[in-house]
Amino acid sequence: MVGAAGTVAAVVAPLASAGAASAAGAAWGHAVGTGGGSRDVQRLELRGMWVATVANVDWPSKPGLSASAQQAQLIAYLDEAVDRKLNAVVLQVRPSADALWPSPYEPWAQCLTGVQGKDPGWDPLGTAVKEAHSRGLELHAWFNPYRVANHTDPSRLAASHPARVHPDWVLPYGGKLYYNPGLPEVRSFVQDAMLDAVRRYDIDAVHWDDYFYPYPVAGQTFADGPAYAKYGAGFPDKAAWRRANTDKLVREMGERIKAVKPDVRFGISPFGVWRNASTDPLGSPTASGVQTYDDLYADTRGWIKKGWIDYICPQIYWNIGFAAADYAKLVPWWNDVVRGTGVDLFVGEALYKAGDPAQGAAWQDPAELSRHIDFAAGYDQVRGHVYFSGKGVVADRIGAMSQVVADHYRTRVRPPR
């Protein structure tokens, strides 16, 4: 997508300084949002950062570090979150159908030791939960349901990997391996694997990102035809069947989480465009080349309206004024979608773009992200922001995160519940 960088002519007034500390502890305050002069309310808000482990994007910095070095790096991220007045860390604990805890379902994650299935000598998820909570941080456990590998060679997987034990569960596509979402046994298995962590650890939320059916790759076919032939009766076309499969995964997982631990929240962070208004009058005023409903078979708007999830965190990874997908048009659209549903809206923010020379002029301005927080404060359903990703929060290439903190995060606040 190509669009001109720009800013709105006027943004809402900055968040005022935080008020008195809550009765629960002097370290906590309440952010005060003032939306264009139209509101002045004390509110709780989520302030989170993603910490990605797939391919060692954020943590560990490289595979094969000692257990003590891995733990020290993880704790440094948690301390950074506290220093930045954040209150949640979204840690990727199942990056590629492998685990950052001793799972009876799947092998140890390759990102830890460099060898999938090798015991790293400690329990990263258990440690992350304990250390996060001791710092007043929520720990959202981030799982990827269907991605098996960022390559197409099953022999490179651990010998015990379920994808090798059940090769009929797996499809290659776009240079990667995926579990087939059309198989009931796959949906059941991936839910079981994720629920093991819910049962065993005091996590605050189960978090999924935007990977359901894979993003389309030109000239390639996702070869789920046999599954469609077996299970697709009664659907008008394969697209409807695929959406129904994703719907089942989301609805069933939400129900199973609540049955195990009712207080654990279920949140999803999808690509920021459900459908363009040119495709569907209910869609957003965008011209996105990807639409989750049509391309990823993920009816994100429907899950909100049906109350299957507790929060939605759309990845609105574009600047204010971006022609094809304007931040200033998407925030109001999502705000309207969640209204009256009881589903919390958090906004996924593209910190990684700030200062990236490959990005447009808007992202070279350290104030762009702060303007996002200003703008979103004018919408009463927006209850926080999550930044991608941890490495960017630490490095803060052009000071964009520091400006957000200085402008908006003057004291810590509690996340909404």
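Reading guide: rules and limits
- Residues numbered from 1 in each chain as written.
- Predicted model: local features only at pLDDT ≥ 70, side-chain atom pairs only at ≥ 80, totals over all residues.
- Heavy atoms only, no water.
- Helix = DSSP H or I, 4+ residues; strand = E, 2+ residues; numbered from the N terminus.
- Buried < 20%, exposed > 50% of the residue type's maximum accessible area, 1.4 Å probe, protein only.
- Areas by Shrake-Rupley, 256 points an atom, 1.4 Å probe, with all protein chains shown as cover.
- Phe/Tyr/Trp six-rings, centres within 6.5 Å; stacked < 30°, edge-to-face > 60°.
- Pairing = 2+ DSSP bridges.
- Axes fitted to C-alpha atoms, helices over the stretch in contact; angles between N-to-C directions.
- Contact = heavy atoms within 4.5 Å.
- Expected span 1.5 Å × (residues − 1).
- pLDDT = per-residue confidence, 0-100.
- Salt bridge = Lys/Arg side-chain N within 4 Å of Asp/Glu carboxyl O.

### Focus: the overall build of the chain
The helix and strand inventory of the chain stands at 13 helices and 15 strands. Buried residues in the chain amount to 59% of all 417 residues. Accessible surface for the chain amounts to roughly 15200 Å². Of this, 53% is attributable to carbon and sulfur atoms.

### Remarks on the packing of aromatic side chains
Scanning the entire structure with this criterion turns up 27 aromatic pairs. Centroid distance W59 to W122: 6.1 Å. Interplanar angle 90°. Geometry classified as edge-to-face. Residue W59 is located in the loop between β4 (46-51) and α1 (67-83), and its partner W122 is located in the loop between α2 (110-113) and α3 (124-134); the two are separated by 63 residues in the primary sequence. According to the relative accessible area criterion, W122 is buried, its value standing at 10%. A centroid spacing of 6.2 Å and a plane angle of 70° characterise the contact between Y105 and F189, whose relative ring orientation is edge-to-face. With a gap of 84 residues between them, Y105 in the loop between β5 (88-94) and α2 and F189 in helix α5 (residues 184-200) connect regions that are remote in the sequence. F189 sits in the buried class, given a relative accessible area of 12%. These aromatic residues form a ring-pair network of at least three members: Y173, Y178, Y213, F222 and Y297.

### Describing the sheet that holds strand β8 (residues 170-173)
Remark on secondary structure: sheet strands pair via backbone hydrogen bonds, oriented parallel or antiparallel. Spatially, three strands are ordered β7-β9-β8 in an open sheet, and the strand pairing comes out antiparallel. Looking at strand neighbours, the two that pair on one side only are β7 (147-149) and β8, the edges of this open sheet. Each strand axis lies, on average, 35° off the axis of its neighbour in the sheet, ignoring direction. Sheet topology note: the β8/strand β9 (residues 176-179) ladder contains four bridges and is antiparallel. Bridge pairing links V170 to Y179 in β9.

### As for the side chain of H140
Structurally, the position occupied by H140 is in strand β6 (residues 138-143). For H140, the residues in contact, after removing those within four places along its chain, are L46, A88, V89, V90, L91, D204, A205, H207 and Y311.

### Focus on α1
End to end, α1 covers 24 Å across 17 residues, agreeing with the expected 24 Å (1.5 Å per residue, within 8%). Every buried residue of α1 is accounted for by Q70, L74, I75, Y77, L78, E80 and A81. For α1, the elements touching its buried residues are β4, β5, α2, α3 and α12 (390-395). Once α1 ends, the next one or two residues include K85, with phi positive near 65°.

### Things to note about the side chain of D396
In this structure, D396 sits in the loop between α12 and α13 (400-408). With near-sequence residues (within four places) excluded, D396 lies in contact with R84, M401 and S402.

### Things to note about the confidence of the model for the chain
Residues shown with low pLDDT carry predicted positions that ought not to be read at fine detail. With 90% of its residues at a pLDDT of 70 or more, the chain shows a mean pLDDT of 91. Overall, residues 1-42 carries pLDDT values under 50, and its contacts beyond four positions in sequence, including any with other chains, amount to 104 contacts.

### A closer look at the pairing of β6
Consecutive side chains along a regular strand alternate between the two faces of the sheet. Burial analysis of β6 places six of its six residues in the buried class, which makes it a mostly covered element. Residues E138, H140 and W142 point to one face of β6 and L139, A141 and F143 to the other, with burial holding for every one of them. Pairing analysis gives six bridges linking β5 to β6, with the strands arranged parallel. Note that in β6 the partner of Q92 across the bridge is W142. Judged from the four bridges that link them, β6 and strand β10 (residues 205-208) form a sheet pairing that is parallel.

### Some thoughts on the pairing of β5
In terms of burial, β5 is largely enclosed, as seven of its seven residues are buried. Where β4 lies against β5, four bridges are found, and the strand directions are parallel. Of the residues in β5, the one forming a bridge with V51 is L91.

### Thoughts on the pattern of salt bridges
Under the defined criterion, the tally for this structure stands at 21 salt bridges. Note that R84 is salt-bridged to D396, the shortest N-O span being 3.5 Å. Taken together, the positions of R84 in the loop between α1 and β5 and D396 in the loop between α12 and α13 put the pair 312 residues apart, joining distant regions of the chain. For R84, a relative accessible area of 12% gives the class buried. R251 is the salt-bridge partner of E255, the closest N and O atoms lying 3.8 Å from each other. Of this pair, E255 and R251 are both found in helix α7 (residues 238-260), four residues apart, which corresponds to roughly one turn of the helix.

### Overview of the sheet that holds strand β14 (residues 382-387)
One closed barrel holds the eight strands; their spatial order is β4-β5-β6-β10-β11-β12-β13-β14, and the pairing between them is parallel. Contacting β10 and β11 (265-268), α7 runs over the sheet at an angle of about 155° to β11.

### Considering the environment of V338
For V338, the location among the structural elements is in helix α10 (residues 327-338). Its relative accessible area of 0% is what places V338 among the buried residues. Beyond its immediate stretch of four places on either side in the chain, V338 contacts I304, I312, V343, L345 and Q381.

### Concerning the environment of V148
Its place among the elements puts V148 in strand β7. Between the C-alpha atoms of V148 and L171, which are 23 residues apart in sequence, the distance is 9.4 Å.

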